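Overview (structure and organization)
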Amino acid sequence: MTPFTKHTGLVAPMDRVNVDTDQMVPKQFLKFLTREGYGRVLFYDWRYLSGEKPNPDFALNKPRYKGASILLARANFGCGSSREHAPWAIGDYGFRAIIAPSYADIFYNNCFKNGILPVTLSDTDMDELFSRLEKNEGYTLSVDLENQTVSDGKGFDRKFEIDPFRKRCLLKGLDDIGLTLEHESDISAYEKKGLPTPQMVDAVDIQFYSRSN
Amino acid sequence: MPPLTLYEKIWNAHVVREVPGQPSLIYIDRHLIHEGTSPQAFAGLKAAGRKVRRPELTFAVMDHSVSTKNRDLPVLDADADGQFKALAKNCAETGVRLFDMHSHNQGIVHIIGPELGITQPGFTIVCGDSHTSTHGAMGALAFGIGTSEIEHVLATQCLSQFKSKTTRIEVKGKLGGGLASKDIILAIIGKLGIAGGNGHVFEYTGEAIRALSMEARMTICNMSIECGARAGMVAPDETTFAYLEGRPFVPRGKEFQKLVEHWKTLPSDPGAKFDETVELDAAKLAPQVTWGTNPGMVTDVTQRVPDPSLFTNENDRKAAERALVYMDLKPGTPITDISLDRVFIGSCTNSRLEDLRLAAKLVAGKHVAKSLKQALVVPGSRRVKAQAEEEGLDKIFVAAGFEWRDAGCSMCIGMNDDVLQPHERCASTSNRNFEGRQGKDGRTHLVSPLMAAAAAIEGHFVDVRKWRNGN
Ligand code: SF4
């Protein structure tokens, strides 16, 4: 996983509450086999008019936000479907950090697995950030994970809270599975306690192969 | 030992490793996967040279993109076909059991788990799908995960998890005629808001919940995630045991009795502490209809489309304004004046046998409104379909002008060809009314199967309580 330490970048707004993951990556793009290339379809139905023409009214299409790598968002960002395609798209588009007052659980979790830092600030701080962004073209922020700060170098300096374990994993870009496998002996010991292994009492037609179409 | 909640009991029984200040390593009893969210997990596993640790604990099914028409025809959607083939190949290579689209047991992942008895009380169950919360109705701890976590479970059979907070939702009183468990959960989401359960696991208790069948409890647990909750649970009781007895993956005889004894120890102890408690009176509920673009934008069928200008919170007001533009609704419109283009009865929320029976009973001898373009019934699984056909429900639906289809997610998500056309309005028994969920620019109103069936006959929403009396 890509580590996240400190990042300074152009900021873009997503000024809506309850942005769900269906909007981040609509269902027609859930049929691929890879984790890459979803940046093009991020916020697809909002971002494009018919024929994939950029919708000029959509914030991310405005020239001033081109190349943005920090996204300001509103409450309950990432609610709905568990699709990890959402953070894949956000990362692939170029965002390294999101700043919002709150996130939906699964999405929040998924961000960490993909080297994206979801920063949580209060509603008041978010209002302040949205307003500074609105007023200043080329508005940039620095997000420092080690020191847990967000700052614009022009008077906006805030500390944010983050779970220390998640912080450490993200700072070092640790591989979750590798970490767990270090505790192989604990897992084996647990398994020895007797596991409810599935018993198929009535035979059901489980198959190992699909008829090829 | 202090009194414990159902959640704490299951949690404690599954801790593999616990270190203060870190997430705990939790053992996963059953892992369910489908074609949509698993390919990248298998690919990751392979790339890292890792193996599936316990293939016999993972079950796979094809549900999201399967056709609900003739499944013997070639799959024309090359991307969907690629996912089906990848799932079949991954299962074959790793020894994971697969219910492919031709299996008699195929169906929506959250329908077949309980139906086959793969889901049992006290289990930890995960799936790369947010509606995994459904399985909690059985008294299991079940929740949705992302693809990285699927890979993690495949490789380790464990998950790294922080403990959630708990909310007890007590639903008192008796549910009136014409109401369904869908109305209870929609009312809860309306009350708490779609982020109201963030960071929490819900346990549903109370007279109204106890009176519900397993299938109706599943509807409630299913939509816990729409309230932001990590999981929803109902303590196992006689209804649960009776439901499970004789299912293909449930042991029989003495072994079953032993399991029941164990399951009886699971319910929350008297005096167990919850972080929060919410109460609701089922007797006061009216049938619910969503008017907006998330499941919390919901009201009684007797009400009108709300006026956003009366919302006090500015962000909520903006969201409501946007929602009404998207839904093409005017504030003050009576809900019963909203006319429909399509009706969808299906999805992991409401496509079990009981749902179909309720709907069939209402439409028997009637016909869907001429103004309707389509009324669709999609059973949640092939077992449900077969059973419904045995009971003649398919004939009732077809005679009433509904289309009777094969099992899958279908128009809940529109990943096959069951989609809304732009600006079409649909009464749907599914769980999400997000923008574009059922098709780009499609407009979704979430309702119970009873409400959907009655709306199909009339072409617009009706208060099914009165409608039943009047017909
Ligand atoms: S029916 Fe709908 S909500 Fe349920 S698993 Fe399928 S797509 Fe998801």
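Before any of the text, the structure's been laid out above.
Here is a short report on the structure shown in this document. (Residues numbered from 1 in each chain as written. Chains lettered and ligands numbered in written order. Predicted model: local features only at pLDDT ≥ 70, side-chain atom pairs only at ≥ 80, totals over all residues. Heavy atoms only, no water.)

Here we look at the interface of chain B and chain A
Contacts between the two partners involve 102 residues from chain B and, on the opposite side, 69 residues from chain A. Together, the buried faces of chain B and chain A total about 6900 Å²; carbon and sulfur atoms form 53% of this surface. Along the contact surface separating chain B from chain A lie eleven salt bridges. Where chain B packs against chain A, one counts 37 residue pairs in polar contact (both at pLDDT 80 or more). The element best represented in the side of chain B that touches chain A is helix H3 (residues 78-94) of chain B, accounting for ten residues. Class assignment of the residues belonging to the side of chain B that touches chain A gives a composition of 40 nonpolar, 34 polar and 28 charged. (Contact = heavy atoms within 4.5 Å. Buried area = accessible area lost by both parts, 1.4 Å probe. Salt bridge = Lys/Arg side-chain N within 4 Å of Asp/Glu carboxyl O. Polar contact = N/O pair within 3.5 Å; in protein donor to acceptor, adjacent residues only side chain to side chain. Helix = DSSP H or I, 4+ residues; strand = E, 2+ residues; numbered from the N terminus. Nonpolar A, V, L, I, M, F, W, Y, C, P; charged D, E, K, R; others polar.)

What about the site of the ligand?
Close contacts around the ligand come from His64, Ile108, His110, Asp129, His131, Ser347, Cys348, Cys409, Cys412, Ile413, Asn431 and Arg437 of chain B, and that covers them all. In the shell around the ligand, the residues fall into five nonpolar, five polar and two charged. (Near = heavy atom within 4 Å.)

With respect to helix H13 (residues 382-390) of chain B
Residue and element names in this part refer to chain B. Within the span of H13, buried status applies to Arg382, Val384, Lys385 and Ala388. Buried positions in H13, seen along its axis, are confined to an arc of 155° and lie on one side of it. Those residues of H13 that are buried lie in contact with helix H4 (109-116), helix H12 (353-363), helix H14 (393-399) and strand S17 (403-404). The positive-phi residue at the C-terminal boundary of H13 is glycine 392, with phi of around 80°. (Buried < 20%, exposed > 50% of the residue type's maximum accessible area, 1.4 Å probe, protein only. Arc of directions from axis to C-beta.)

Some remarks on the sheet that holds strand S8 (residues 158-161) of chain B
With respect to topology, three strands assemble into an open sheet ordered S1-S2-S8 (chain B), the strand pairing being antiparallel. Since the sheet does not close on itself, it has two edges, and those belong to strand S1 (15-17) and S8 of chain B, each with one partner. Here the strands of the sheet are splayed against their neighbours by 40° on average, with no regard to which way each runs. Along the sheet face, helix H8 (residues 184-192) of chain A touches S1, strand S2 (24-27) and S8 of chain B and points at about 150° away from the line of S1 of chain B. (Pairing = 2+ DSSP bridges. Axes fitted to C-alpha atoms, helices over the stretch in contact; angles between N-to-C directions.)

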